[in-house]
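Take a look at the letters that make up each chain.
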Amino acid sequence: MNAYIPILVLGGLALAFALFSVGIAPFTGPSRYNRAKLDRYESGIEPSPLPDGGGKVSIKYFFTAMMFIVFDIEVVFLLPFAVAFDELSWFAFFAVMLFLLNITIAYVYEWRRGGMDWT
């Protein structure tokens, strides 16, 4: 049980911080309300009128989001491998190479679709 005490303390600190943040927010936040802030799903900024048929969102936004997700997944899986590289077997090495092949396929797909053209 002694090994779990730091985890429980960290969980308790996280819970205390969350409760404190939610409890103090009404007293410290601004209390200026407008019509847009009282609407559902609005941030408080007056919405600008959209053209007929709605506004267009550039596809580059979605390609950038996809690349961000691929980079995150790559780092999450490669960092533990890099830290424990000396203790792993050949099976782990080939598993990581297969993972890198899959990531490379995702990068090539995004590159071919124009997701890395920033102009």
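Residues numbered from 1 in each chain as written. Predicted model: local features only at pLDDT ≥ 70, side-chain atom pairs only at ≥ 80, totals over all residues. Heavy atoms only, no water.

(A) Structural context of the overall build of the chain. Secondary structure summary: the chain contains four helices and zero strands in total. Listed N to C, the secondary structure of the chain is α-α-α-α in terms of helices and strands. Residue burial in the chain is summarised as follows: out of 119 residues, 13% are buried. Long-range pairs, those at least 24 residues apart, make up 52% of the contacts in the chain with a sequence separation of at least 6. On the chain, roughly 10,700 Å² of surface is accessible, and the fraction owed to carbon and sulfur atoms is 71%. (Helix = DSSP H or I, 4+ residues; strand = E, 2+ residues; numbered from the N terminus. Buried < 20%, exposed > 50% of the residue type's maximum accessible area, 1.4 Å probe, protein only. Contact = heavy atoms within 4.5 Å. Areas by Shrake-Rupley, 256 points an atom, 1.4 Å probe, with all protein chains shown as cover.)

(B) Highlighting the packing of aromatic side chains. Going through the model one piece at a time under the given rule, you end up with six aromatic pairs. With centroids separated by 5.6 Å and ring planes inclined at 85°, the aromatic side chains of Trp90 and Phe93 adopt a geometry described as edge-to-face. Placement of the pair is Trp90 and Phe93 together in helix H4 (residues 90-112), with a separation of three residues, close to one helical turn. Judged by its relative accessible area of 25%, Phe93 is partly exposed. (Phe/Tyr/Trp six-rings, centres within 6.5 Å; stacked < 30°, edge-to-face > 60°.)

(C) Seen up close, the confidence of the model for the chain. This prediction gives the chain a mean pLDDT of 81; 80% of its residues lie at or above 70. Mean pLDDT values for the elements of the chain range from 66 in helix H2 (residues 35-38) up to 94 in helix H1 (residues 5-28). (pLDDT = per-residue confidence, 0-100.)

(D) Focus on the UniProt feature "transmembrane region" (unreviewed entry) in the chain. Look at the UniProt record and you will see "transmembrane region" (unreviewed entry) annotated at residues 6-27, 61-82 and 88-109. Along residues 61-82, the helical share is 100% and the strand share 0%, with 31 Å between the first and last C-alpha atoms. Here residues 88-109 is 91% helix and 0% strand, with 31 Å between the C-alpha atoms at its ends. (UniProt positions renumbered as here; feature names shortened; annotations may be inferred.)

(E) Molecular detail of helix H3 (residues 59-83). Here H3 is 25 residues long and its end C-alpha atoms lie 37 Å apart, about the 36 Å a rise of 1.5 Å per residue gives. Among all positions in H3, only Phe63, Met67, Val70, Glu74 and Phe81 are buried. (Expected span 1.5 Å × (residues − 1).)

(F) Highlighting the packing of H3 against H4. The interhelical angle for the contact between H3 and H4, taken along N-to-C directions, is 170°, at an axis separation of 11 Å. With respect to H4, the axis of H3 lies roughly antiparallel. Residues Phe63, Thr64, Met66, Met67, Val70, Phe71, Ile73, Glu74, Phe77, Leu78 and Phe81 of H3 lie in contact with H4, whose contacting residues are Ala92, Phe93, Val96, Phe99, Leu100, Ile103, Ala106, Tyr107, Tyr109 and Glu110. Tallied by class, the residues present in the contact of H3 with H4 amount to 18 nonpolar, one polar and two charged. (Axes fitted to C-alpha atoms, helices over the stretch in contact; angles between N-to-C directions. Parallel < 35°, antiparallel > 145°, perpendicular 65-115°, else oblique. Nonpolar A, V, L, I, M, F, W, Y, C, P; charged D, E, K, R; others polar.)

(G) Broad picture of H4. With 23 residues, H4 ought to run about 33 Å at 1.5 Å a step, and its terminal C-alpha atoms sit 33 Å apart, in line with that. All buried positions along H4 are accounted for by Ala92, Val96, Phe99, Ile103, Tyr107 and Glu110. Packed against the buried residues of H4 are H3.

(H) View of a nonpolar patch on the surface. A surface patch of nonpolar side chains, about 530 Å² in accessible area, is lined by Phe68, Ile69, Ile73, Val76 and Phe77. If you trace the backbone, Val76 turns up in helix H3. (Patch = residues over 30% accessible without salt bridge, like charges linked within 9 Å, V, L, I, M, F, W, Y side chains within 5 Å. Salt bridge = Lys/Arg side-chain N within 4 Å of Asp/Glu carboxyl O.)

(I) Up close: the side chain of Glu74. Summarising the element assignment, Glu74 is placed in helix H3. We note that Glu74 is buried and unpaired, the nearest opposite charge coming from Arg112 at a distance of 19 Å. Contact partners of Glu74, with chain neighbours within four places excluded, come to Phe99, Leu100, Ile103 and Tyr107. (Lys, Arg positive; Asp, Glu negative; His and termini not counted.)

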